[in-house]
Amino acid sequence: MARAVVLIWVALMLFASTNLALAIGVNWGTMSSHLMLPSTVVAMLKDNRINKVKLFDADSWTVSALAGTGIEVMVAIPNNQLTRFSDSYRNAKHWVKENVTKHLYEGGVDIRYVAVGNEPFLTSYNGSFLKPTFPALKNIQRALDEAGIGDKIKATIPLNADVYSSGSDKPSDGDFRKDIKELMTQIVQFFHSNKAPFVVNIYPFLSLYLNPNFPVDFAFFDSGSQIDDKGTKYSNVFDANYDTLVWTLKKAGVSDLKIIVGEVGWPTNGDKNANVQLAKRFYNGLFKKMAAKKGTPLRPGHLDVYLFSLFDEDMKSILPGNFERHWGIFRYDGKPKFPMDFTGKGNDKFPVAAKGIQYLPSQWCVLDRNIKNLSKVAPDIDYACANSDCTALGYGSSCNNLDMHGNISYAFNMYYQMQDQDVEACNFNGLAKVTTQNASQGTCLFPVQIVSKGARSVSRASALVGFLFVLYALM
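Residues numbered from 1 in each chain as written. Predicted model: local features only at pLDDT ≥ 70, side-chain atom pairs only at ≥ 80, totals over all residues. Heavy atoms only, no water.

Draft legend 1. Region of the structure containing empty space enclosed by the protein. In total, this model carries one cavity of 30 Å³ or more according to the counting rule given. The computed volume of the largest cavity comes to approximately 120 Å³. Considering the residues around the largest cavity, the lining is formed by 13 residues, among which W28, G29, L35, M36 and F311 are closest to the centre. A class-by-class count of the residues in the lining of the largest cavity yields six nonpolar, five polar and two charged. (1 Å grid on protein atoms, 1.4 Å probe; cavity = no way out; pocket = protein on both sides within 12 Å on 5 of 7 lines; lining within 4 Å. Points joined across faces, edges and corners; volume = space filled by probe spheres on them. Nonpolar A, V, L, I, M, F, W, Y, C, P; charged D, E, K, R; others polar.)

As structure tokens, then:
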């Protein structure tokens, strides 16, 4: 009997340790022209044993789909709504009631955090959100407290790593950016007093993208090179960046403040360094690091991390770069891009794909090869790309090697698919035609779009209206 108890205990410990290694989160963005049903995405999360998700809004349909799953959720307030909550506690209180407490029933949604804004202090925003962010944060946390849920659910602000820096590139010289130092000090002290975490987005890829002289291997976790900071060795930029924040918090008087990595990942297209091979290398190293619970030199132990991102998003802004639409570990249609092992044990296999996905018909819009005069095609290409996603055509990207006809066809097809294969969307002044022959070439995928959740909703609504009309006619 005693032996059986011991065996059961060992089995439970092994199960618990496996789950801990898998305690990984993902960012679920929705800036896509064709979205899957929330229930489909949630089923995929469960199939892959992903137990934390970070959202960029608090869409009721999406949040409700997470009820009863045990998945920890971070809901969010977009930047363009911050002023509404900074100016009015009443608005904050109403938002918490409608977007948080209504989901907190037995078997409901396991909401853990409210993200107040998203990287609101980016230098590219030119200070647009400096004034409303902190007051909005305080009002949301107060509303959570007064609702009796402030002990469990914390308000925080996901921040880009550009809120701090080091003049010497060594972590020990880290401090908050001069223009926001006073504000950030007040915010982190507020976090500390409310036991809320500091959520930071760290992107080793951007270090490589923004600096042509950056050592490539230092962006990954298997680098042999090191930097020395007063005897502390750093072999990768992730650890160095993370510990720059640790030093920054120490100087702000909150050295024990919890840190969550809100976004970290590697894109697979849109740049010469954005590809499946390098993404796989990055994630393999990250997962092994998390499974080993090594942490960083200044914060050893478990890392709290949300991968960025779950899916490619074809409507994201490409001002930072064409890669912005290709951060997903899954494609636009929920198919995994490459094998990976979330446990970090090196047992690579493809993650479980989204199930029940419906596609538009297997047809593509391409340049009619019988057209010989292409002198007037340029405006059509510009229009097609401006209203779809042609980022895969850029330098170093997956469709970079197409010939002229291939480039034109790719642009035409992306617009055609974006428009749900509307027959009028494959005209382009008589230059295009629809084909049932797959137009993909080599590494360049000419996609066929999925039926979006919006289209399904319309179909259901239309069916219901039709059904009611028939019932009325029979009465």
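Draft legend 2. Representation of the sheet that holds strand 1 (residues 25-28) within the structure. Taken in spatial order, the nine strands of this open sheet run 5-4-3-2-1-13-12-9-6, and their pairing is parallel. Bordering the open sheet on either side are strand 5 (154-156) and strand 6 (158-160), each of which pairs with just one other strand. Looking at each pair of strands side by side, their axes are set apart by 25 degrees on average, direction ignored. Pairing analysis gives six bridges linking strand 3 (residues 72-77) to strand 4 (residues 110-116), with the strands arranged parallel. Looking across to strand 4, one finds that A76 is bridged to A115. In the packing of helix 9 (residues 237-251) onto the sheet, the strands contacted are strand 9 (198-201) and strand 12 (259-264), and the crossing angle to strand 12 comes to about 140 degrees. (Pairing = 2+ DSSP bridges. Helix = DSSP H or I, 4+ residues; strand = E, 2+ residues; numbered from the N terminus. Axes fitted to C-alpha atoms, helices over the stretch in contact; angles between N-to-C directions. Contact = heavy atoms within 4.5 Å.)

Draft legend 3. Region of interest: the pattern of salt bridges. Summed over all chains, the structure comprises 20 salt bridges. Of the charged contacts in the structure, one is a salt bridge between K52 and D304, with a shortest N-O distance of 2.2 Å. Taken together, the residues K52 in strand 2 (residues 52-55) and D304 in the loop between helix 10 (276-292) and strand 13 (305-307) connect sequence positions 252 residues apart. Here the two residues K52 and D304 agree in accessibility, since each one is buried. (Salt bridge = Lys/Arg side-chain N within 4 Å of Asp/Glu carboxyl O. Buried < 20%, exposed > 50% of the residue type's maximum accessible area, 1.4 Å probe, protein only.)

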